[in-house]
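# Survey of secondary and tertiary structure
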Amino acid sequence: MKKNLVILTGAGISAESGLQTFRDADGLWEGYNVYDVATPEAWRRNPEMVQEFYNLRRKAVLEAEPNPAHYALAKLEEKYAVTIITQNIDNLHERAGSSNVVHLHGIITKAQSSKNPNLLYDIEGWELKMGEKCALNSQLRPHVVWFGEPVPMIEPAAKICSRADIFIILGTSLNVYPAAGLSDFVPADAEKILIDPKVPDVYLPKLRTVAEKASVGVPSVVEELLKRS
Ligand code: APR
């Protein structure tokens, strides 16, 4: 039986693909305060601005390529039962070949009904326009979990963490809950590895930290894990 390997990823894994993290550039995300664009209030106040902001993020995601860290994680499936739990709204894990990815905060390539969050549509290309509506005749918005909204995937994610034999935390500042609390569900005796050039302040039993950029730290950890019998 393959061991369960669970990987929690954040914006840091996509940084070297050219997608900006949230908290590295003076708290600004592409020049915006996240709370000015990633909240239901922002959408109510100025839906055009929010739509435009995410259209540009979607364009950047479609133009970006997975980096060596995304590809290395995909290789782990040769030897482990891998689940990636990502806070990222990009699709770079999937495009690198990972087959089991849980998107805690949604995915930017899909649109969501503003009436029923379960009503989802694939977006063709990079632009979602005002006036494009769902089957319930309400405006389509990005399929992204905003601050203050429920995180429906958190329960399945917690269950997955509770079955981890090995748990990797990668490229996340662990600032945002409930995602940051997922490591509490990982069994105490599971092996844990944290990869981040700026190691966040976290205590976990059996934790090893690798203070490297994803493109360096991930391939070397993956190589080590694949070498084990
Ligand atoms: N390789 C690995 N990690 C990196 C790299 C890199 N090249 N560059 C930066 N990092 C690390 C930073 O040191 C930091 O710890 O990535 C982390 C990024 O943290 P945040 O910007 O806070 O991103 P994240 O933790 O994913 O944010 C969580 O917050 O705004 C919300 O919903 C949004 O999903 C997001 C959530």
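Residues numbered from 1 in each chain as written. Predicted model: local features only at pLDDT ≥ 70, side-chain atom pairs only at ≥ 80, totals over all residues. Heavy atoms only, no water.

Along the protein chain, the regular secondary structure elements total 8 helices and 11 strands. For 229 residues, the compact-globule estimate of 2.2 N^0.38 gives 17 Å, and the protein chain sits close to it at 18 Å. Evaluated residue by residue, the protein chain yields a buried proportion of 50% over its 229 residues. The long-range fraction of contacts in the protein chain, counting pairs at least 24 apart against all pairs at least 6 apart in sequence, stands at 63%. Accessible surface, the protein chain: about 11300 Å² in total, of which carbon and sulfur atoms supply 51%. Taking the 25 positively charged and 29 negatively charged side chains of the protein chain as two groups, their mean positions are separated by 4 Å. (Helix = DSSP H or I, 4+ residues; strand = E, 2+ residues; numbered from the N terminus. Rg over C-alpha atoms; globule rule 2.2 N^0.38 Å. Buried < 20%, exposed > 50% of the residue type's maximum accessible area, 1.4 Å probe, protein only. Contact = heavy atoms within 4.5 Å. Areas by Shrake-Rupley, 256 points an atom, 1.4 Å probe, with all protein chains shown as cover. Lys, Arg positive; Asp, Glu negative; His and termini not counted. Charge placed at Lys NZ, Arg CZ, Asp CG, Glu CD.)

Turning next to the domain arrangement of the protein chain. Considered domain by domain, the protein chain is made up of domain 1 (1-18 + 66-105 + 151-229) and domain 2 (20-63 + 112-144). Here the C-alpha centroids of domain 1 and domain 2 sit 25 Å apart. Each partner contributes to the interface: domain 1 provides 13 residues, whereas domain 2 provides 10 residues. Across the domain 1/domain 2 interface, buried area totals approximately 810 Å², and carbon plus sulfur atoms make up 62% of it. Three residues, Ala11, Ile89 and Arg95, lead the burial of domain 1 against domain 2; their summed loss comes to 40% of the area buried on that side. Counting across the interface, domain 1 meets domain 2 through 0 salt bridges. Grouping the amino acids of the side of domain 1 that touches domain 2 by side-chain chemistry returns 4 nonpolar, 6 polar and 3 charged. (Domains from an automatic or database assignment. Buried area = accessible area lost by both parts, 1.4 Å probe. Salt bridge = Lys/Arg side-chain N within 4 Å of Asp/Glu carboxyl O. Nonpolar A, V, L, I, M, F, W, Y, C, P; charged D, E, K, R; others polar.)

This part covers the packing of aromatic side chains. Overall, the coordinates contain 5 aromatic pairs when judged by the stated rule. When the ring of Tyr35 is compared with that of Phe147, the centres are 4.7 Å apart and the planes differ by 40 degrees; the resulting orientation is tilted. With Tyr35 in helix H2 (residues 34-37) and Phe147 in the loop between strand E8 (140-144) and helix H7 (154-162), the pair connects residues that are 112 residues apart, well separated along the chain. Both rings, one in Trp43 and one in Trp146, keep their centres 5.9 Å apart while their planes meet at 40 degrees; by these two values the pair is tilted. With Trp43 in helix H3 (residues 40-45) and Trp146 in the loop between E8 and H7, this pair connects stretches of sequence that are 103 residues apart. By the burial criterion, Trp43 is buried, and Trp146 matches it. Among the aromatic residues, ring-to-ring pairing joins Tyr32, Trp43, Phe53, Tyr54 and Trp146 into one connected group. (Phe/Tyr/Trp six-rings, centres within 6.5 Å; stacked < 30°, edge-to-face > 60°.)

Here we take up the nonpolar core. Core analysis: the largest hydrophobic core is formed by 23 residues, its most contacted members being Leu5, Ile7, Leu73, Leu76, Ile168, Leu170 and Val218. Among the elements of the structure, strand E1 (4-9), helix H5 (68-75), strand E4 (81-86), strand E9 (166-170), strand E10 (191-195) and helix H8 (214-227) are those that each provide at least two residues to this core. Those residues in contact with Leu76, other than ones at most four positions away along the chain, are Leu5, Ile7, Val82, Val222, Leu225 and Leu226. With 22 residues, the next largest nonpolar core counts Ala157, Ile160, Ala190 and Leu204 among its residues. (Core = buried A, V, L, I, M, F, W, Y, C linked by side-chain atoms within 4.5 Å.)

Below, the discussion takes up the sheet that holds strand E6 (residues 106-113). Sheets are built from strands paired through backbone hydrogen bonds, the pairs being either parallel or antiparallel. Spatially, E7-E6-E8 is the arrangement adopted by the 3 strands of the open sheet, whose pairing is antiparallel. Edge positions in the sheet fall to strand E7 (120-122) and E8, since each has one partner strand and no second. Across this sheet, the average inter-strand angle for adjacent strands is 45 degrees, counted without regard to direction. Where E6 lies against E8, 4 bridges are found, and the strand directions are antiparallel. By the bridge assignment, Gly106 is partnered in E8 with Val144. (Pairing = 2+ DSSP bridges. Axes fitted to C-alpha atoms, helices over the stretch in contact; angles between N-to-C directions.)

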